[in-house]
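Here's the letter readout for the chains.
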Amino acid sequence: MGAAYRTVVVGTDGSESSFAAVDRAAAVAGDAGATLVIACAYYPASKSDVDKAQDVLGDEAYQVVGSAPAEDTLQSARDRATKAGAQKIDTVAVKGDPVDSLRKVVHEREADLLVVGNRGLNTIAGRILGSVPSEVARKSGVDVLIVHTT
């Protein structure tokens, strides 16, 4: 075991399962005295963008459209993270695809732990896990924690 985690990144989309992942990430960050970075990806709120997002993400995907809902989601996630024990919390709303957004945040913050929920593993989390080990983890040594939220 190396040093404790310094920066933990978790993605949220406002869904219950993503909030469960936030809770777990917050507990880990709190224990480690790490900074918790909560990221929420959003799409610009135009009808065609929403339809496009729906095509990309599929019907079961929780839709975050526009930066205002993203900020609301992040505020709720921050409240939960505080209750779960995280002391240092940053929130970031990122425009674009959830997978790309999380990878970007992990890279920019030089995170050493990425937390994802297992719900819809064949969609978002699966695509993150498909890309993170090959691209992000190999370069920056990011651990990935899959939280069983279902």
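Relevant structure appears above.
Now for a description of the structure that goes with this document. Worth saying up front: this structure is predicted, and the values here are computed from it rather than measured.

### Remarks on the sheet that holds strand β1 (residues 7-11)
Okay, step 1: Pairing in this open sheet of 5 strands is parallel, and the strands run β3-β2-β1-β4-β5 from one edge to the other. Looking at strand neighbours, the two that pair on one side only are β3 (88-95) and β5 (143-147), the edges of this open sheet. Strand-to-strand twist in this sheet, taken as the mean axis angle between neighbours without regard to direction, amounts to 25 degrees.
Okay, step 2: In terms of strand pairing, strand β4 (residues 113-117) meets β5 through 5 bridges, oriented parallel. By the bridge assignment for β5, L113 is matched with D143.

### Re the pairing of β4
Okay, step 1: Buried residues dominate β4, accounting for 5 of its 5 residues.
Okay, step 2: As paired elements, β1 and β4 share 3 bridges and run parallel to each other. Paired with V8 across the two strands is L113, which belongs to β4.

### Some points on the environment of A84
Okay, step 1: Its place among the elements puts A84 in the loop between α3 (67-83) and β3.
Okay, step 2: Taking the C-alpha atoms as reference points, A84 and V22, separated by 62 residues in sequence, lie 8.7 Å from one another.
Okay, step 3: Beyond its immediate stretch of four places on either side in the chain, A84 contacts D23, A26 and A27.

### Topic: the pattern of salt bridges
Okay, step 1: Taken as a whole, this structure holds 5 salt bridges when the rule is applied.
Okay, step 2: Residue R6 is joined to D112 by a salt bridge in which the shortest nitrogen-to-oxygen separation is 3.7 Å. A residue pair is termed long-range when its members are at least 10 positions apart, and R6 in the segment before β1 and D112 in the loop between α4 (98-108) and β4 qualify at 106 residues.
Okay, step 3: Judged by relative accessible area, D112 falls into the buried class, the value being 12%.
Okay, step 4: Residues D90 and R109 are paired through a salt bridge, measuring 3.0 Å at the closest nitrogen-oxygen approach. Of this pair, D90 sits in strand β3 while R109 is found in the loop between α4 and β4, placing the two residues 19 residues apart along the sequence.

### Quick look at the nonpolar core
Okay, step 1: By size, the foremost hydrophobic cluster in this structure holds 22 residues, and its most contacted members are V8, V10, V22, L36, I38, A81 and V115.
Okay, step 2: Of the residues forming this core, the biggest block, 6 residues, is contributed by helix α1 (residues 16-32).
Okay, step 3: Other than its neighbours up to four places away in sequence, A81 contacts V22, A26, L36, I38, A86 and I89.
Okay, step 4: Ranked by size, the runner-up nonpolar core spans 11 residues in total, among them V9, A39, V106 and V116.

What counts and what doesn't
Per chain, residues are indexed from 1 in the order of the written sequence. Given that this is a predicted model, residues contribute local features only at a pLDDT of at least 70 and side-chain atom pairs are listed and counted only at 80 or more, while totals for whole chains, interfaces and linings are drawn from all residues. Working from all heavy atoms in the structure, the side-chain values ignore hydrogens and water. Should DSSP find at least two bridges between two strands, the strands are regarded as paired. Each helix is a run of H or I in the DSSP string that is no shorter than four residues. Each strand is a run of E no shorter than two, and both are numbered from the N terminus. For helices, the fitted line uses only the C-alpha atoms of the stretch in contact; every axis is such a line through C-alpha atoms, and the angle between N-to-C directions lies from 0 to 180 degrees. For the exposure calls, accessible area comes from a 1.4 Å probe over protein chains only, and a residue counts as buried if that area is under 20% of its type's maximum, exposed if over 50%, partly exposed in between. Contacts are assigned to residue pairs with any non-hydrogen atoms lying within 4.5 Å of each other. Whenever a carboxyl oxygen of Asp or Glu lies within 4 Å of a side-chain nitrogen of Lys or Arg, that contact is scored as a salt bridge. In plain words, nonpolar cores are sets of buried Ala, Val, Leu, Ile, Met, Phe, Trp, Tyr and Cys residues tied together by side-chain atoms within 4.5 Å.

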